[in-house]
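Residues per chain are reported as follows:
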Amino acid sequence: MNAPENPQAILLAGLDGDNTWGIEHYIKRGGYSALRKILESGMTPEQIIAEVKKSDLRGRGGAGFPTGLKWSFMPRQFPMDKYVVCNSDEGEPGTFKDRDLLRYNPHLVIEGMAIAGYVMGCTRGYNYIHGEIFSLYQRFEEALAEARAAGFIGKNILGKGFDFDLFAHHGWGAYICGEETALLESIEGKKGQPRFKPPFPASHGLYGKPTTINNTETFAAIPWIINNGGEAFQALGKPNNGGTKIFSVSGHVNRPGVYEIPLGTPFSTLLEMCGGMRGGRKLKAVIPGGSSAPVLPGDIMMDCTMDYDSISKAGSMLGSGAVIVMDETTCMVKSLERLSYFYHEESCGQCTPCREGTGWLYRMVHRIEHGQGRPDDLDTLDNVASNIAGRTICALGDAAAFPVKSFIKHFRSEFEYHVEHKHCLVPVDVQREGSRIYVEHAAC
Amino acid sequence: MTFSLNEASRAAIDREVAKYPEGQAISAVMAGLRIAQEQNGWLTPEAIEAVATHLNIPPMAAMEVATFYNMYDVKPVGRWKITVCTNLPCALSGGEQAAEYVKEKLGIGFNETTADGRFTLKEGECMGVCGDAPAIIVNNTRLCSWMSREKIDALLDELK
Ligand SMILES: Cc1cc2nc3c(=O)[nH]c(=O)nc-3n(C[C@H](O)[C@H](O)[C@H](O)COP(=O)(O)O)c2cc1C
Ligand code: FES
């Protein structure tokens, strides 16, 4: 099956026909021309970093850190082992875009990583792929074999004396391994427990060597930037928010799925692309950047454009670009209960505030949902969440706290109703109908 | 229960070891445990130890990894492990109701195995395929998308 045609796409463009993931199809679409251009024209790493800086490309993994700046942190003066690592451990609830890059366009990621290797003087790279999409890990290994056979990775690439080899590593069911230092621990064959920072991976990363980690979609943007220039990429989006972004839209829309649109596109346009609200029902709330981002009420969301700055001004985060849409049939307490369960389940257990606090959060939301809430629970919840955020080694603690704080902030009356009446404002059969098994849009 | 890695498993693990720098065979422990689990159905302490021995790492290092990551089964599971994602994005499109339906059909709850040893049911966390909700993974590697009641019926019938 193919990715749907989308005229605005650059990362998921031209993916018609079968086997779009194979090297032959990729090369027909102009694939590996950016790597070739760099090596044949002798473009220097400094020139490439300058181009990436001009592009206003911001990391697509969640934090939106400027990629050009991140790349400039890598020590380049001394020859030593250095690594480039791709984060395809996509496990942030609501996010399923890297999957489509790996499914339809894995060579784009390989080319982006090879260019990164050239820029930062790395001779080796790893792509860490979420265990749950195991067939795409296997596909990526096949794509690597193709790239190696064609001379785009390996020794003396394109006869230009540049060596860079790339391998795939699979996860096996641990959300925390999406956190970059947990991911490095995991490649090193350990439990995925995040490291203290500093030192940052750019000085002490994989096997203790300088390492740059980027998200799959970040690497995928690089070849286009090289081919078309940083300014052109920037111009696709808006200032400080360059390029297109792939949004994963889930929840109560008519056509959940993956949509690549320019940053700065109005949310209302994205919603239209998804076929609008399911059953014509009313929009209630949106989590705009993956489950760790604060929830926003529907009316605030309708005034936002889809870019880092607009969503942040509205009080949330663009995060991984995972847009979770909830309509009027949704119980906010039940929704928060499920998210809180997730963070409790996935806490690696290293830091006490997160290990214990996520359990507290879950149990309290659970009891409110099940009619056993107490009037002071809401303040206690807010308090516990505040005591986790900022007090842990990694941001999973914050990720657990943000949903709790934002759900209560924007939907407090619904929580109070639960506590007082021991049940939801939305009748259970209405909730069930709204979230029934919905596969009508599927091309299966 | 004795366990030894068969030749295919050993070769597969050696291919994994080759991906990592000299002296970092331990990096292949995740793949090694996955391969041993595929061979044996679940990871007995002996299977974990066999992987450790093959990689020349302390058995406890392999045990730590096996017990940290959710997709390793360190307790017996049925022939078919059915994992249904019920996290919020999936639940909004029926993930939870799909799980209820599977429970009803199999007569078991999460983390239980049918009496005939055929099925184990697990509650999944986000599999990174939320647009395909309801999503089910069979035995860790086979992803089934858009699982309506009819497709669940067909899937369970097919898995003997
Ligand atoms: C709990 C947690 C989970 C994360 N999961 C992912 C993930 O699945 N994919 C990803 O690219 N980044 C994830 N991140 C962010 C990474 O730590 C890191 O910032 C990112 O991979 C950097 O790439 P970028 O600069 O290209 O965005 C996660 C962070 C945290 C704290
Ligand atoms: S929430 Fe089910 S796959 Fe993401």
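One structure accompanies this document, and this report is about it. Source: prediction; values computed, not measured. (Residues numbered from 1 in each chain as written. Chains lettered and ligands numbered in written order. Predicted model: local features only at pLDDT ≥ 70, side-chain atom pairs only at ≥ 80, totals over all residues. Heavy atoms only, no water.)

### A word on helix H16 (residues 377–388) of chain A
All names here are of chain A.
1) Next: In a regular helix each residue adds 1.5 Å, so 12 residues correspond to 16 Å; H16 covers 16 Å between its end C-alpha atoms and thus fits that length.
2) Next: Among the residues of H16, Asp377, Leu378, Leu381, Val384, Ala385 and Ile388 are the ones counted as buried. One face of H16 carries all of its buried residues, which in axial projection span an arc of 125°.
3) Next: Two residues or fewer past H16, Gly390 is found with a positive phi of approximately 80°. (Helix = DSSP H or I, 4+ residues; strand = E, 2+ residues; numbered from the N terminus. Expected span 1.5 Å × (residues − 1). Buried < 20%, exposed > 50% of the residue type's maximum accessible area, 1.4 Å probe, protein only. Arc of directions from axis to C-beta.)

### Comments concerning the sheet that holds strand S12 (residues 322–327) of chain A
All names here are of chain A.
1) Next: Here we have five strands laid out as an open sheet, ordered S7-S6-S12-S9-S10, and mixed in their pairing. Looking at the sheet topology across the chains shown, the edges are occupied by strand S7 (257–262) and strand S10 (296–297).
2) Next: Pairing geometry for strand S9 (residues 283–287) and S12, over four bridges, is antiparallel. Among the inter-strand pairings, Ile287 is bridged to a residue of S12, identified as Ile324.
3) Next: With respect to the sheet, helix H17 (residues 396–421) is in contact with S9 and S10, its orientation differing from that of S9 by roughly 155°. (Pairing = 2+ DSSP bridges. Contact = heavy atoms within 4.5 Å. Axes fitted to C-alpha atoms, helices over the stretch in contact; angles between N-to-C directions.)

### Concerning the site of ligand 1
Residue and element names in this part refer to chain A.
1) Next: Surveying the vicinity of ligand 1 reveals 17 residues, the closest of which are Gly61, Lys70, Asn214, Asn215 and Thr218.
2) Next: Note that an oxygen atom of ligand 1 is positioned 2.8 Å from one of the side-chain N or O atoms of Lys70.
3) Next: If ligand 1 stood free it would expose 610 Å²; the protein chains cover 89% of that surface.
4) Next: Per-element tally for the shell around ligand 1: the top contributor is strand S5 (residues 211–215), with three residues. (Near = heavy atom within 4 Å. Polar contact = N/O pair within 3.5 Å; in protein donor to acceptor, adjacent residues only side chain to side chain. Areas by Shrake-Rupley, 256 points an atom, 1.4 Å probe, with all protein chains shown as cover.)

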